[in-house]
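# Architecture at a glance
What follows is the residue order along each chain.
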Amino acid sequence: MPPRYCPESVVIADTPAALLEWAAHHIEHVGIHQGPYLFAGPGRTATLPCWPRGALEVAAGQGRGAAGRTYDWERIHRARDHAFAILAETLTGRPVEADDPAAAKALCREVIDRWSAEPGRTAADAARVFRAAARVDHALF
């Protein structure tokens, strides 16, 4: 059963597809803002970002972990990084690769940020691409 979206939830998904789906729900809930108004508006805080890369970070537990609860952060972060790679590949239509893992990770985030910053980008656009990337992940396994 896939995790249900709830911004107050302390349950954190640990697969790329589930994280992408959770991020889609989050961005639909908080909307998308660009530039200096990134954290503006009702329901938006420094720990619940309203931009695509931030939504994926929130899905992976940023600002949502519960004290006294045990999380497999290594597994969650590995799934988050894989989700970033799948999302970047979905946006570019090809794998985003570099000589070393750190550079590849930075390139994926740059691709996502560049896409997010395009004028007129909407929450519906972001949710749609998150869900397309989640389907790609499901198709891989």
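Our subject is the structure listed above.
Read on for a plain summary of the structure. (Residues numbered from 1 in each chain as written. Predicted model: local features only at pLDDT ≥ 70, side-chain atom pairs only at ≥ 80, totals over all residues. Heavy atoms only, no water.)

### Overview of the packing of helix 2 (residues 52–59) against helix 4 (residues 101–117)
To keep it simple, the criterion reads: Where helices are involved, their axes are fitted lines through C-alpha atoms of the stretch in contact, as for all axes, and angles between N-to-C directions lie from 0 to 180°. To qualify as a helix, a DSSP run of H or I must reach at least 4 residues; to qualify as a strand, a run of E must reach at least 2; elements of each kind are numbered from the N terminus. Angular relationships are summarised with four words: roughly parallel below 35 degrees, roughly antiparallel beyond 145, roughly perpendicular across 65 to 115, and oblique for the angles in between. Any pair of residues with heavy atoms lying within 4.5 Å of one another is described as a contacting pair. Only Asp, Glu, Lys and Arg are considered charged, only Ala, Val, Leu, Ile, Met, Phe, Trp, Tyr, Cys and Pro nonpolar, and every remaining residue, Gly among them, polar.
Closest axis-to-axis distance for the helix 2/helix 4 pair is 8 Å, and the angle between their directions is 125°. What the angle tells us is that helix 2 and helix 4 run oblique. Contact with helix 2, carried on its side by Pro 52, Arg 53 and Glu 57, involves Arg 109, Ile 112, Asp 113, Trp 115 and Ser 116 of helix 4 and no other residues of that element. Classifying every residue of the contact of helix 2 with helix 4 by side-chain character gives three nonpolar, one polar and four charged.

### Structural notes on the packing of aromatic side chains
To describe a pair of aromatic rings, you give the distance between the ring centres and the angle between the ring planes. Which entries qualify depends on this criterion: Pairs were defined over the aromatic rings of Phe, Tyr and Trp, the Trp ring being its six-membered one, requiring ring centres within 6.5 Å. Orientation was assigned from the angle between planes: stacked under 30 degrees, edge-to-face over 60, tilted for the rest. Partly exposed describes any residue whose relative accessible area lies between the buried limit of under 20% and the exposed limit of over 50%, with all areas from a 1.4 Å probe on protein chains only and scaled to the type maximum. A ring has a charge above it when a Lys NZ or an Arg CZ is no more than 6 Å from the ring centre and no more than 35 degrees off the ring normal.
Within this structure, the stated rule accounts for one aromatic pair. Note on Tyr 71 and Trp 73: the rings are 4.9 Å apart at their centroids and 40° apart in plane angle, and the pair reads as tilted. On the accessibility criterion, Tyr 71 (14% relative accessible area) is buried. Using a relative accessible area of 32% as the deciding quantity, one classes Trp 73 as partly exposed. Taking NZ or CZ as reference, Arg 121 lies 3.8 Å from the ring centre of Trp 115, over its face.

### As for helix 2
For helix 2, the tally of buried residues reaches eight of eight residues, placing the bulk of the element in the interior. Where helix 2 is concerned, the buried positions are Pro 52, Arg 53, Gly 54, Ala 55, Leu 56, Glu 57, Val 58 and Ala 59. Of the residues trailing helix 2, Gly 61 is marked for its positive phi of about 110°.

### Regarding the nonpolar core
Convention followed: For the purposes of this section, nonpolar cores are sets of buried Ala, Val, Leu, Ile, Met, Phe, Trp, Tyr and Cys residues that join through side-chain atoms within 4.5 Å.
Leu 19, Leu 20, Ala 23, Ile 27, Leu 56, Leu 87 and Phe 130 are the most contacted members of the largest nonpolar core, which totals 30 residues. If you list the elements that add at least two residues to this core, you get helix 1 (16–30), helix 2, helix 3 (73–92), helix 4 and helix 5 (123–140). In this view, Ala 23 contacts Ala 55, Leu 56, Ala 59 and Phe 130; residues no more than four positions away in its chain are not counted.

### Quick word on the environment of Ala 127
For Ala 127, the location among the structural elements is in helix 5. When the C-alpha positions of Ala 127 and Ala 24 are compared, they lie 4.2 Å apart, and in sequence the two are 103 residues distant. Sequence-distant contacts of Ala 127, that is, excluding residues within four places in its chain, are made with Ala 24, Ile 27 and Glu 28.

### Quick look at the side chain of Arg 53
Put simply, the rule reads: Between N or O atoms, a polar contact is any pair within 3.5 Å; within protein, one atom must be a potential hydrogen donor and the other a potential acceptor, and residues adjacent in sequence are included only when both atoms are from side chains.
The topology assignment puts Arg 53 in helix 2. At 2.8 Å, the side chain of Arg 53 and the side chain of Asp 113 are in polar contact. Those residues in contact with Arg 53, other than ones at most four positions away along the chain, are Phe 84, Arg 109, Ile 112 and Asp 113.

### What about helix 3?
Basically, it comes down to this: One less than the residue count of a helix, multiplied by 1.5 Å, gives the span that helix is expected to have.
With 20 residues, helix 3 ought to run about 28 Å at 1.5 Å a step, and its terminal C-alpha atoms sit 28 Å apart, in line with that. Residues Ile 76, Ala 79, Arg 80, Ala 83, Phe 84, Ile 86, Leu 87 and Ala 88 constitute the buried set of helix 3. Two residues or fewer after helix 3 comes Gly 93, characterised by a positive phi angle close to 80°.

### Considerations on the packing of helix 3 against helix 4
Stated formally: Each crossing gets its handedness from the near helix: less than a right angle anticlockwise from the far helix is left-handed, clockwise is right-handed.
Here helix 3 crosses helix 4 at 55°, and the two axes come no closer than 9 Å. Considering the angle they form, helix 3 stands oblique to helix 4. Relative to helix 4, helix 3 is oriented so that their crossing is left-handed. Note on element contacts: helix 4 touches helix 3 through Lys 105, Cys 108, Arg 109, Val 111, Ile 112 and Trp 115, opposite Arg 80, Asp 81, Phe 84, Ala 85, Leu 87, Ala 88, Leu 91 and Thr 92.

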